[in-house]
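Chain by chain, the residues:
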Amino acid sequence: MNTCGYKRKFEAVVSQTNTTSQLSLLPCSPAQWLQTVISPLPAKPSPELEKFMSSCDRNVNDEVINRANIILAAIFPKGYNGKRCMSAGFHHSSLMDSRWIEQRQDEALKLYYKVLESICESEAQKLQSRNLTHLLTNERFHRCMLECSAELVSAAHMGARMLFPSLLERIGVTAFDLIRVTESFIKHEGSLPRELKRYLNSMEEIMLESMVWGRGSSLYNSLIIARPPLAEEICRLGLLAKPMSSLDAIAADNHLSNGEKVFSEVYNSPALPMEEHSPVVNNQNPKNPLPLMPLLSAFASPNPGGRCSTILETGINLIFNKVAKLAAVRINHLTERLKLLQPIREIVYGLFHRILNKKTALFFNRHIDQIILCCVYIIVKDSTLKMTLMEIKDTYLKPPQHTPQVVRHVFVKWSPAHGNGKNRDDFIDIKTFYNEIFLLAVKPLLDEVKPAKASDQAAPANNTDDHCSGSPGISPFPSIPDLSPKKVSPSHNVYLSPLQPSKKRALISTGAKSYYACFGESTRPYQSPSKDLSTINNSLHTGERREGVWI
């Protein structure tokens, strides 16, 4: 797992939803967690979860169990030859052992039921109702939950990414579907070890940076309904996702349909259309609509209609906000390495945010780092700074996790005027993309950020102007915790890493804070780290409590 600096910062930003009450102060390895927390659970719905399923408009207990068995059998295949197992991500002969497969299926099933029950309890409390039909009949939601469970079980045993992303297509979901579950999964499984939380965060980062924008992402099926002006470009590029495979098709593909009952009366079509299981959109009683559930709004199916567009826009904005947070971390990291001033950083982020909401098509089938690099260069070029695109590109490529492919292969689909009379896919370098596509599209937006640039020089926090229709307004630059190690003395090679905010809150919430000295900010304004350490040492000797230091 990659633990580079900006990944840690991204984890800190995305985990700002407070889950302090669920934090465990006792460290536990993923393998220990599986053995002590998950393995003792029954491999079937608990009585409480069964009550939720029987409280729906129809009892969905059998459907949930049947679906779980089919999807997990597709993820952990039995009796497959080596070629099929290798294609699914299993690269070790031991993984093909039938007993090992059964154990992993059982563990994933137990984890799935455990988290599903926690989510149902949370949603029922929000709705003040135990009727969760709209959530418990959502096919994409269940498949994504099962994929998360299987991925965590596999990671806990193997310590490496084994299933993701190769199995998404096989179980009929996309990264856009899966990313709407990861945060809820972490939130509702308080016992999840830190390593597995980081693992899910790393998956989320991979999905946000490129996979949700790739061809075949279900994001585009939502965009053409929620934001009709983008429909023409989405269709021109051929980006729409295929219909989701039915359970019958998945079961047949895994040789499970013989001798096993499949609910063909429910899943009787060769492929589930995009508008499957969407009772909220097609509400039979519009005078008394049910309150909208957050998870359901994230999994609303693309279906024409005024209310559906609003629901879909909520789900899209959820993903766009995550993309903006990730971009803020990466912009901060790149501008620090380039030694650019904070006002430049904030203008770059403001431009990126405007492009995300006003020129969304620039992201289609591309990597967000390609847009970030172009944003940095166009703002630097518009200023008095002397810096070339080559310098920015070379600085970007220095960290080992960045690959040259990002700057060498930028997707375009030339129009007939550029492509010898044909619409054709092509890949160009970042410089050509900037000159021929990015600059022409973004140049009108520079007039919008120029006033912000001038005001930022005097008041950096003054960048909240302009709301575009149908899109969220430009947000201030997100707060990014400084988790980098600090040198405590100029004459000694000693560094201290500030405590992460979530850990600090967890320690403060217990009665054991007298045993810890926690500092993430300076104990006094404009004070050096070495003086911070002196302050802590003095407080240890005198028993004095100062702001930012708990003794």
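Numbering of residues starts from 1 in every chain and runs along the sequence as written. Given that this is a predicted model, residues contribute local features only at a pLDDT of at least 70 and side-chain atom pairs are listed and counted only at 80 or more, while totals for whole chains, interfaces and linings are drawn from all residues. Only hydrogens and water are set aside; all other atoms, that is, all heavy atoms of the structure, feed into the side-chain values.

**Details of the packing of aromatic side chains**
For the record, the criterion: Only centres within 6.5 Å qualify two rings of Phe, Tyr or Trp (six-membered ring in Trp) as a pair; their planes then separate them into stacked at under 30 degrees, edge-to-face at over 60, and tilted for everything else. Summary of the burial criterion: residues with accessible area below 20% of their type's maximum are buried, those above 50% are exposed, and those between are partly exposed, where the area comes from a 1.4 Å probe applied to protein chains only. Helix and strand assignments follow DSSP, with helices taken as H or I runs no shorter than four residues and strands as E runs no shorter than two, numbered in order from the N terminus. In this scheme, Lys NZ or Arg CZ marks a charge over a ring once it lies within 6 Å of the ring centre and within 35 degrees of the ring normal.
Going through the model one piece at a time under the given rule, you end up with 9 aromatic pairs. Ring plane angle 50° and centroid distance 6.2 Å describe the contact between Phe433 and Phe438, whose orientation is recorded as tilted. Taken as a pair, Phe433 and Phe438 share a single burial class, namely buried. With 5.9 Å between their ring centres and 25° between their planes, Tyr434 and Phe438 make a pair best called stacked. Of this pair, Tyr434 and Phe438 both sit in helix α20 (residues 430–458), 4 residues apart, which is roughly one turn of the helix. For Tyr434, a relative accessible area of 2% gives the class buried. Directly above the ring of Trp100 sits Arg104, whose terminal nitrogen or CZ lies 4.9 Å from the centroid. For Arg130, the ring lying beneath its charged end belongs to Phe52, and the centroid distance is 4.1 Å.

**Focus: helix α9 (residues 175–188)**
To be explicit about the condition: One fewer than the residue count of a helix, multiplied by 1.5 Å, yields its expected span.
Helix length check: α9, at 14 residues, gives a terminal C-alpha distance of 20 Å against a target of 20 Å (1.5 Å per residue), a fit within 8%. Most of α9 sits inside the fold, with 12 of its 14 residues counted as buried.

**Things to note about the confidence of the model for the chain**
Put simply, the rule is: pLDDT is a residue-level measure of predictor confidence that goes from 0 to 100. In this analysis, two residues are considered to be in contact whenever any of their non-hydrogen atoms come within 4.5 Å of each other.
For the chain, the average pLDDT comes to 75, and 62% of its residues sit at 70 or higher. Low pLDDT, under 50, characterises residues 80–96; the stretch is placed with 36 contacts to residues that sit more than four places away or in other chains. In the predicted structure, residues 544–551 sits below a pLDDT of 50 and forms 25 contacts with residues beyond four places in sequence or in another chain.

**Looking at helix α18 (residues 389–397)**
Counted only if it meets this: The arc in question is the one traced by the directions running from the helix axis out to the C-beta atoms.
Residues Leu389, Ile392, Thr395 and Tyr396 constitute the buried set of α18. For α18, the buried positions fall inside an angular range of 130° around the axis, keeping them on one side.

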